[in-house]
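Take a look at the letters that make up each chain.
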Amino acid sequence: MSHSVNSILSQIRSYQSQVAQAAPTGDVARGNAIGGLGGLSGTQPTAAPSFSQTLQGALAGVNQAQQTSSTLAAAFERGDPNADLARVMVASQQSQLAFRATVEVRNRLVQAYQDVMNMPL
């Protein structure tokens, strides 16, 4: 149980690091956001993506992995020389792993929602 929790936490941390890499990291932008000094450097601070945007991006990635896997499998069945068995199997495993991770995240979110709803006031 704790291994799966640690796995989910590490995935969340990796998503957070990806989001942090996409966000600007200048001191002036941070000063503008905190102090409310808009327009000091002439650039507008960009907002970090919301949870729903991050979740939609992750779901789009899972969908893309499944479509790629399906396309490679169909090309292999047709006898396409560019779709060798190793590539097909790796794509299939990647899509399965991404889907399982998505289902696990969904289960954790549902469980967290149920825990919050069952809390006494």
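These numbers were taken from a predicted model, which means no experiment stands behind them.

Trainee: Before we go on, may I ask you to explain the overall build of the protein chain in this structure?
Mentor: When helices and strands are counted, the protein chain shows four helices and zero strands. Of the regular secondary structure in the protein chain, the N- to C-terminal order runs α-α-α-α. Every one of the 121 residues in the protein chain was classed for burial, and the buried ones make up 10%. For the protein chain, the accessible area works out to roughly 9,400 Å², and carbon and sulfur atoms hold 60% of it.

Trainee: Help me out: how do you make sense of helix α3 (residues 51-78) in this one?
Mentor: Residues separated by three or four positions in an α-helix point in the same direction, a consequence of the helix having 3.6 residues per turn. Over its 28 residues, α3 runs 41 Å from end to end, which matches the ideal 40 Å to within 8%, given 1.5 Å per residue. Where α3 is buried, its residues meet α4 (85-117). Two residues or fewer past α3, Gly79 is found with a positive phi of approximately 90°.

Trainee: How should the nonpolar core be read in this particular structure?
Mentor: In globular proteins that are soluble, nonpolar side chains generally tend to be buried together. Formed by Leu72, Ala75, Ala83, Val88 and Ala91, the largest nonpolar core amounts to five residues. Elements with a contribution of two residues or more to this core: α3 and α4. When neighbours within four sequence positions are excluded, Ala83 is seen to be in contact with Leu72, Ala75, Phe76 and Val88.

Trainee: Help me understand a nonpolar patch on the surface in this model?
Mentor: Taken together, Phe51, Leu55, Leu59 and Leu109 make up a surface patch of nonpolar side chains, about 370 Å² in accessible area. Along the chain, the position of Leu59 falls in helix α3.

Trainee: Hey, could you run me through the side chain of Ser95 in this one?
Mentor: For Ser95, the position within the fold is in helix α4. For Ser95, the residues in contact, after removing those within four places along its chain, are Ala65, Gln66 and Ser69.

Trainee: So what exactly am I meant to see when it comes to the packing of α3 against α4 here?
Mentor: Packed helices, taken two at a time, are described by the angle between their axes plus the distance between the axes. Packing of α3 against α4 leaves a shortest axis separation of 8 Å and a crossing angle of 150°. Relative to α4, α3 is oriented roughly antiparallel. At the point where α3 passes α4, the crossing takes the left-handed sense. Between α3, through Phe51, Leu59, Val62, Ala65, Gln66, Ser69, Leu72, Ala73 and Phe76, and α4, the contact on the second element is made entirely by Leu85, Arg87, Val88, Ala91, Ser92, Ser95, Ala98, Phe99, Thr102 and Leu109. Residues of the contact of α3 with α4, tallied by class, amount to 13 nonpolar, five polar and one charged.

Trainee: When you look at the pattern of salt bridges in this model, what are you seeing that I'm missing?
Mentor: Oppositely charged side chains can pair when the atoms bearing their charge come close. Scanning all chains against the criterion turns up one salt bridge. With a shortest N-O distance of 2.9 Å, Arg108 and Glu104 are connected by a salt bridge. Here Arg108 and its partner Glu104 are both found in helix α4, four residues apart, which amounts to about one turn of the helix. Looking at Arg108, the relative accessible area reads 25%, which means it is partly exposed.

Trainee: Mind showing me how you'd approach the environment of Thr54 here?
Mentor: Here Thr54 shows up in helix α3. Between the C-alpha atoms of Thr54 and Tyr15, which are 39 residues apart in sequence, the distance is 8.1 Å.

Conventions we followed
- Residues numbered from 1 in each chain as written.
- Predicted model: local features only at pLDDT ≥ 70, side-chain atom pairs only at ≥ 80, totals over all residues.
- Heavy atoms only, no water.
- Helix = DSSP H or I, 4+ residues; strand = E, 2+ residues; numbered from the N terminus.
- Buried < 20%, exposed > 50% of the residue type's maximum accessible area, 1.4 Å probe, protein only.
- Areas by Shrake-Rupley, 256 points an atom, 1.4 Å probe, with all protein chains shown as cover.
- Expected span 1.5 Å × (residues − 1).
- Contact = heavy atoms within 4.5 Å.
- Core = buried A, V, L, I, M, F, W, Y, C linked by side-chain atoms within 4.5 Å.
- Patch = residues over 30% accessible without salt bridge, like charges linked within 9 Å, V, L, I, M, F, W, Y side chains within 5 Å.
- Salt bridge = Lys/Arg side-chain N within 4 Å of Asp/Glu carboxyl O.
- Axes fitted to C-alpha atoms, helices over the stretch in contact; angles between N-to-C directions.
- Parallel < 35°, antiparallel > 145°, perpendicular 65-115°, else oblique.
- Left-handed = near helix turned anticlockwise from the far one by under 90°.
- Nonpolar A, V, L, I, M, F, W, Y, C, P; charged D, E, K, R; others polar.

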